[in-house]
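This is what each chain is made of:
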Amino acid sequence: MTLRGFFVTLLELFLLILALGTEIREFFVVAVCIGAVVLYSLVSLLLAMLTLRVDSSIDKTSALRGDTVKYTLFLKGVAILPVTGFLAVKSAEFEKRNLRRKRHTFVMVPSFMITHKFDFIIPCSHVGLWEVGIKTLHFEDIFGLFDLPIVRSKSSTYTMELAVMPHIHELEYDVESESSGDYGSDSNLDSEEGELLGDSRIYREGDTLKRINWKLSVRTRTLYARKYEMPQKPRISVVTDCAFWDEGVGDSVDMACESAISLVKFFIEHNNVVDVVTIRNKEDNSNYNYTLKTVNDVDKMQYNFACVPFYKDSESLALDFVKDAAFLNADKVYIITSNPSDGVLNELTTLVKNGKVAKCIVPKTQVNIDGVNQMNYYSEDVLVVVDSIENIPQKVGAAL
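Residues numbered from 1 in each chain as written. Predicted model: local features only at pLDDT ≥ 70, side-chain atom pairs only at ≥ 80, totals over all residues. Heavy atoms only, no water.

(A) Quick peek at unusual backbone geometry. One non-glycine residue, Arg280, lies in positive phi territory at about 55°. With respect to the helices and strands, Arg280 occurs in the loop between strand 16 (274-279) and strand 17 (288-292). The phi torsion at Asn285 lies on the positive side, around 60°, for a residue other than glycine. Structurally, Asn285 can be placed in the loop between strand 16 and strand 17. Note on Asn285: relative accessible area 31%, which makes it partly exposed. (Helix = DSSP H or I, 4+ residues; strand = E, 2+ residues; numbered from the N terminus. Buried < 20%, exposed > 50% of the residue type's maximum accessible area, 1.4 Å probe, protein only.)

Structure representation (C-alpha cells):
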C-alpha cells in the first residue's frame, strides 16, 4: 500500500464510523463510493500480479567500454484492468549518478496483446562484469493506492550479465629507444663454457678482470668487458592493482585496464612473452597470474580484465603485504596502481639503477591528485601519471 492509499483507507474508516454513528445518509454514500474505488484499485492490481510475468534479453553479452547494448524487457500476459508500471534501469557503472533519468513509467490498458516489449539502450560506461537490466519493477493501480510486485516472475529474470572490456590503444613510442621493442633491457643467457657469444659491453661493477677487453678499453678510453652471454627476449611483467581510491573508481579502473592491455598488446606484437599479474584481489588478497604469448591470448585477457572484481580501498599499495612479488624478477616491470606507497616507488627506483626497466603507472583522478603531487620528487624514469583515457597512447607509450 502506498502513502496515498494509507490515507484514503483511513478516510474510508472514518466515514464509515461517522455514517454508522450519526446515521447521516450522505456520509454513508461517500463511504461507499470511496470503498468502491479502493476495492477496484486492489482488484485491478491483484489481477495484474497474477496474469503478468516478466522476461528479458540483451543483444550481446560482451562489449567494449563506450559502446552500447540493447536491453529488451518483455511483459507477457493480459492486463484485465488498467495498471501503471514503474521501473528503474541498472547500467554498467560504479557511481550512482543521474538515477532519476533511469526511471521509467508506463500504463498497461486492457487489450488483446499478449506480449508487451520495451527496449532500453544501456551505455557501457566502465570496465567490469555487470548485472544490467531492470533494477526495480513494480505496479500500482491507476489511482496510486496500492503497490505490488509481480508474483509470477523471479527478480533474476530482470537482469542479464554484461562484460565490458577495455579498449586497446596504439601506443606512441620512440622507435630508437632501447627499451621499446625487441632486446631493450634484455635477459642474458650465460655461456657455461666461457665461449665468446657476443660483442663487448661497458664494464659493470662485479665483472672479473678476465672479462676486460683491454685493447678496446685503451682505444676508447672507456673500460669494456667481453660479453660471455647471448641476449634473449626480455621477461616482462604487467602488474595491475585491484584496489582503487574511494572516489572516481570507475574512471581509474578504465585507465588502469586500458593501460595494461595496451602494454600487453604492444609487447606481444613484438614477439615477447608477457606475464600479467593482478594483485590484492578482493576475495583473498592473493595474486592471479596470466601468461600471454599470442594475439589470441590478448583477446582473452581483455575479457579477463572485465571479470576482475575491482573494488574501492584507500589503503596504499605496499609490496611488503603482497603474497608473491616474483614479478619483480622480470627485466621489465610495469606496476599499475592508483595509490602507490613510497616503498613501491623506491623498489622500482632500485630496479632502474640495476639496469632494468621499471615503471609505476598511476591513473590520476580528482581524488588522488594531492597524493600524486606529493610524489613529484620521484624521477620520471619511474613514475608515469595518466590523467585521462585520451593520454594513454602518449603517456604509456613514453614508458616503453
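Having put the structure on the table, let's press on.
(B) Summary view of the nonpolar core. Formed by 39 residues in total, the largest nonpolar core has its most connected members in Leu263 and Tyr334. If one sorts the elements of this core by residue count, helix 4 (residues 249-269) sits on top with 12 residues. When residues no more than four places from it in sequence are discounted, the contact partners of Leu263 are Leu171, Val238, Tyr334, Ile361, Val396 and Leu400. Formed by 36 residues, the second largest nonpolar core is a distinct cluster that contains Leu15, Tyr71, Phe106 and Leu145. (Core = buried A, V, L, I, M, F, W, Y, C linked by side-chain atoms within 4.5 Å. Contact = heavy atoms within 4.5 Å.)

(C) Main features of the sheet that holds strand 6 (residues 115-123). Strand order in this open sheet of three strands is 1-3-6, and the pairing throughout is antiparallel. At either end of the open sheet lies a strand with only one pairing partner, and these are strand 1 (53-58) and strand 6. Pairs of neighbouring strands in the sheet enclose a mean axial angle of 20°, with direction left out of account. (Pairing = 2+ DSSP bridges. Axes fitted to C-alpha atoms, helices over the stretch in contact; angles between N-to-C directions.)

(D) Highlighting the pairing of strand 3 (residues 68-76). Here strand 1 pairs with strand 3 via six bridges, running antiparallel. In the strand pairing of strand 3, Ile58 is matched with Tyr71. Of the strand pairs in this sheet, strand 3 and strand 6 are connected by nine bridges, and their pairing is antiparallel. Following the sheet pairing, Lys76 is matched in strand 6 by Thr115.

(E) Focus on the pairing of strand 19 (residues 332-336). Of all five residues making up strand 19, five are buried, and the element is well covered by its neighbours. Note: strand 14 (residues 236-241) against strand 19, five bridges, orientation parallel. Bridging from a neighbouring strand, Thr240 pairs with Ile336 of strand 19. Both strand 19 and strand 20 (residues 357-363) contribute to a ladder of five bridges, which runs parallel. Bridge pairing links Ile336 to Ile361 in strand 20.

(F) Looking closely at the environment of Pro393. By the secondary structure assignment, Pro393 is in helix 8 (residues 392-398). Not counting residues up to four positions away in its chain, the partners in contact with Pro393 are His169, Glu170, Leu171 and Glu172.

(G) Quick peek at the sheet that holds strand 19. Spatial strand order, 17-16-14-19-20-21: six strands in an open sheet with mixed pairing. Each having just a single partner strand, strand 17 and strand 21 (383-386) make up the two edges of the open sheet. For this sheet the average axis-to-axis angle between neighbouring strands, irrespective of direction, equals 20°. One ladder, built from six bridges, connects strand 14 with strand 16; its direction is parallel. The residue of strand 16 that forms the bridge with Ser237 is Asp275.

(H) Structural context of the packing of helix 4 against helix 5 (residues 295-307). Here helix 4 crosses helix 5 at 170°, and the two axes come no closer than 10 Å. It follows that helix 4 is roughly antiparallel to helix 5 by the angle criterion. Two secondary-structure elements touch here, helix 4 through Cys257, Ala260, Ile261, Val264, Lys265 and Ile268 and helix 5 through Val295, Val298, Met301, Gln302 and Phe305. Classifying every residue of the contact of helix 4 with helix 5 gives nine nonpolar, one polar and one charged. (Parallel < 35°, antiparallel > 145°, perpendicular 65-115°, else oblique. Nonpolar A, V, L, I, M, F, W, Y, C, P; charged D, E, K, R; others polar.)

(I) Broad picture of the pattern of salt bridges. With the rule as written, the count across this model stands at five salt bridges. With a shortest N-O distance of 2.7 Å, Asp241 and Arg280 are connected by a salt bridge. A residue pair is termed long-range when its members are at least 10 positions apart, and Asp241 in strand 14 and Arg280 in the loop between strand 16 and strand 17 qualify at 39 residues. Considered together, Asp241 and Arg280 belong to a single accessibility category, that of buried residues. (Salt bridge = Lys/Arg side-chain N within 4 Å of Asp/Glu carboxyl O.)

(J) A look at the packing of helix 1 (residues 3-22) against helix 2 (residues 25-51). At a minimum axis distance of 8 Å, the contact between helix 1 and helix 2 shows a crossing angle of 150°. Between helix 1 and helix 2, the interaxial angle falls into the category roughly antiparallel. As helix 1 runs across helix 2, the sense of the crossing is left-handed. Across the interface between the two elements, Val8, Leu11, Glu12, Leu15, Leu16, Leu18, Ala19 and Thr22 of helix 1 pack against Phe27, Phe28, Val30, Ala31, Ile34, Gly35 and Val38 of helix 2. Looking at side-chain class alone, the contact of helix 1 with helix 2 contains 12 nonpolar, two polar and one charged residues. (Left-handed = near helix turned anticlockwise from the far one by under 90°.)

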